[in-house]
Amino acid sequence: MSLTQARPASGAEAMETVAPAVDLVLGASACCLACVFTNPLEVVKTRLQLQGELQARGTYPRPYRGFLASVAAVVRADGLCGLQKGLAAGLLYQGLMNGVRFYCYSLAGQAGLTQQPGGTVVAGAVAGALGAFVGSPAYLVKTQLQAQTVAAMAVGHQHHHQSVLGALETVWRQQGLAGLWRGVGGAVPRVMVGSAAQLATFASAKAWVQEQQWLPEDSWLVALAGGMISSVAVAAVMTPFDVVSTRLYNQPVDGAGRGRLYGGLADCLVKIWRQEGPLALYKGLGPAYLRLGPHTILSMLFWDELRKLAARGQRQGT
């Protein structure tokens, strides 16, 4: 059973299914395509989330102010290509995380779990957690590469990596295998809540749009409308975990590989709340929504359309 079948649909659409392995490839491909367009927003979001780390509001310089001004600041500091910093690591992360996520969710659908009350939320959360764990090393490197810039515009710790492979090698050499998964304690809840919100709300929103019959049932605009509604929920629940995840991944470490600033998810949440104020958990909300919105819309739209093609190809081959 597919994500788009979380609620009944009429016509040939209701019969379209693809194998979990196909969902793995299509889900990973769709999210990688979306990443190419949304990576500049991820760069800006990362800089804003690291700005003023563990400092009271108004006591630190703010080289990044708002979305458009931050985009201009990145371009001035790193050139136009700076907006695509960390793209290779981002693509690797999207491929790994979403491949696992969509594969596991498809398995849950085949087993009938998503038809149970709350099944879409639980399946989305578990699938997201597994995907986040597998993709954690890539997210670690992506965050650190996107934070890197010239000294005058630097926010957060600067790791000075030269490439994705170089960064992975450096972390492996200095911190061992466990170092590649440092920060995963923040990434798993981040993706769990985001994945649960995205998969559950996209399915129900798309089905609701279909029921209203405002658009042709097989139109790509149905998936677009579902993605637009879904992105609001994703941004609302995911941003605090996103801020914490960015901080945990980018923080400096001691000789034993332990974080110098935060001891984990709870410690990071408490320190941000106490030293920066509760609103700091929504730092970068504007770029986060602008990134999550298009990324959710594009990835779910690409995935939905690719699934239709794959399902039709399977029917024609039988």
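Here the structure is a predicted model, which means the values were calculated and not measured.

> Could you give me a rundown of the overall build of the protein chain, with the residues and numbers involved?
On a plain count of helices and strands, the protein chain comes out with nine helices and zero strands. Across the 318 residues that make up the protein chain, the buried fraction comes to 52%. Contacts in the protein chain between residues at least 24 apart in sequence constitute 80% of all its contacts with a sequence separation of at least 6. As presented, the protein chain carries roughly 13600 Å² of accessible surface, and 67% of it is formed by carbon and sulfur atoms.

> Pulling in residues and values, what's your account of the nonpolar core?
In terms of nonpolar packing, the biggest core is built from 12 residues, these being Val-43, Val-44, Leu-48, Leu-50, Tyr-64, Ala-73, Val-74, Ala-77, Leu-83, Ala-147, Met-153 and Val-155. Broken down by secondary-structure element, the contributors of at least two residues to this core are α1 (20-50) and α2 (67-78). By residue number, the principal contributor to this core is α1, which donates four residues. If sequence neighbours within four positions are ignored, Ala-73 has contacts with Pro-63, Tyr-64 and Met-153. In terms of nonpolar packing, the next biggest core, distinct from the first, is built from 11 residues, Ala-138, Leu-180, Val-191 and Tyr-249 among them.

> Before we move on, could you go through empty space enclosed by the protein and cite the residues and values that matter?
Tallied over the entire structure, the rule returns three cavities of 30 Å³ or more. Size it by volume and the second largest cavity reaches roughly 80 Å³. Around the second largest cavity, the lining comprises 12 residues; the ones closest to its centre are Cys-35, Glu-42, Gln-94, Lys-142 and Arg-291. A total of four residues in the lining of the second largest cavity trace back to one element, the largest contributor, which is α1. Residues belonging to the lining of the second largest cavity are distributed by class as follows: three nonpolar, five polar and four charged.

> Mind laying out the side chain of Lys-45, listing which residues take part and the relevant values?
Of note, Lys-45 is situated in helix α1. With residues up to four places along the chain from it excluded, the contact list for Lys-45 reads Tyr-139, Asp-242, Gly-284, Pro-287 and Ala-288.

> Pulling in residues and values, what's your account of the environment of Ala-72?
Looking at where Ala-72 falls in the secondary structure, it is placed in helix α2. Counting along the chain gives 28 residues from Ala-72 to Val-44, while the straight-line C-alpha distance between them is 9.8 Å.

> Please give an account of the confidence of the model for the protein chain that cites residues and values.
Predicted coordinates in regions of low pLDDT should not be interpreted in detail. In this model, the protein chain carries an average pLDDT of 85, and 90% of its residues clear a pLDDT of 70 or more. The least confident element of the protein chain, judged by mean pLDDT, is helix α9 (residues 285-317) at 72; the most confident is helix α8 (residues 265-276) at 96. The low-confidence segment residues 1-15 (pLDDT under 50) makes 35 contacts with residues lying over four places distant or belonging to another chain.

> Tell me about unusual backbone geometry, and name the residues and values.
The residue Leu-54 is not glycine, and still its phi comes out positive at about 55°. With respect to the helices, strands and loops of the structure, Leu-54 is situated in the loop between α1 and α2. Unusually for a residue other than glycine, His-160 sits at a positive phi of about 60°. Summarising the element assignment, His-160 is placed in the loop between α4 (119-147) and α5 (164-179).

> Can you explain the packing of helix α3 (residues 87-110) against α4? Please cite residues and give values.
Contact pair α3 / α4: the axes reach a minimum separation of 8 Å and the direction vectors enclose 170°. Viewed along their axes, α3 and α4 adopt a mutual orientation that is roughly antiparallel. As for how α3 packs across α4, the hand of that crossing is right-handed. Taken together, the residues of the contact of α3 with α4 sort by class into 18 nonpolar, six polar and two charged.

> Would you mind going over a nonpolar patch on the surface in detail, with residue names and values included?
On the surface, Leu-24, Val-25, Tyr-103 and Leu-107 cluster together to form a nonpolar patch covering roughly 300 Å² of accessible area. Elements that contribute at least two residues to the nonpolar patch include exactly α1 and α3. Of note, Tyr-103 is situated in helix α3.

> How would you summarise α8 if you had to cite specific residues and measurements?
Each α-helix turn comprises 3.6 residues. Residues three or four places apart therefore point the same way. Here α8 is 12 residues long and its end C-alpha atoms lie 16 Å apart, about the 16 Å a rise of 1.5 Å per residue gives. Cys-268, Ile-272 and Glu-276 are the residues of α8 that are buried. An end-on view of α8 places all buried positions within 30° of arc, on one side of the element. Exposed and facing more than 90 degrees away from the buried side of α8 are Ala-266, Trp-273 and Arg-274. One or two positions beyond α8, positive phi appears at Gly-277, with a value near 95°.

> Can you lay out the packing of aromatic side chains for me, pointing to particular residues and giving the numbers?
Taken as a whole and judged by the stated rule, the model has three aromatic pairs. For the ring pair Tyr-139 and Tyr-249, a centre distance of 5.2 Å and an interplane angle of 45° mean the geometry is tilted. In this pair, Tyr-139 is assigned in helix α4 and Tyr-249 in helix α7 (residues 220-250), connecting sequence segments 110 residues apart. Take Tyr-139: its relative accessible area is 2%, and that puts it in the buried class. Looking at Tyr-249, the relative accessible area reads 0%, which means it is buried. Among the aromatic residues, ring-to-ring pairing joins Tyr-93, Tyr-139 and Tyr-249 into one connected group.

The rules behind each value
- Residues numbered from 1 in each chain as written.
- Predicted model: local features only at pLDDT ≥ 70, side-chain atom pairs only at ≥ 80, totals over all residues.
- Heavy atoms only, no water.
- Helix = DSSP H or I, 4+ residues; strand = E, 2+ residues; numbered from the N terminus.
- Buried < 20%, exposed > 50% of the residue type's maximum accessible area, 1.4 Å probe, protein only.
- Contact = heavy atoms within 4.5 Å.
- Areas by Shrake-Rupley, 256 points an atom, 1.4 Å probe, with all protein chains shown as cover.
- Core = buried A, V, L, I, M, F, W, Y, C linked by side-chain atoms within 4.5 Å.
- 1 Å grid on protein atoms, 1.4 Å probe; cavity = no way out; pocket = protein on both sides within 12 Å on 5 of 7 lines; lining within 4 Å.
- Points joined across faces, edges and corners; volume = space filled by probe spheres on them.
- Nonpolar A, V, L, I, M, F, W, Y, C, P; charged D, E, K, R; others polar.
- pLDDT = per-residue confidence, 0-100.
- Axes fitted to C-alpha atoms, helices over the stretch in contact; angles between N-to-C directions.
- Parallel < 35°, antiparallel > 145°, perpendicular 65-115°, else oblique.
- Left-handed = near helix turned anticlockwise from the far one by under 90°.
- Patch = residues over 30% accessible without salt bridge, like charges linked within 9 Å, V, L, I, M, F, W, Y side chains within 5 Å.
- Salt bridge = Lys/Arg side-chain N within 4 Å of Asp/Glu carboxyl O.
- Expected span 1.5 Å × (residues − 1).
- Arc of directions from axis to C-beta.
- Phe/Tyr/Trp six-rings, centres within 6.5 Å; stacked < 30°, edge-to-face > 60°.

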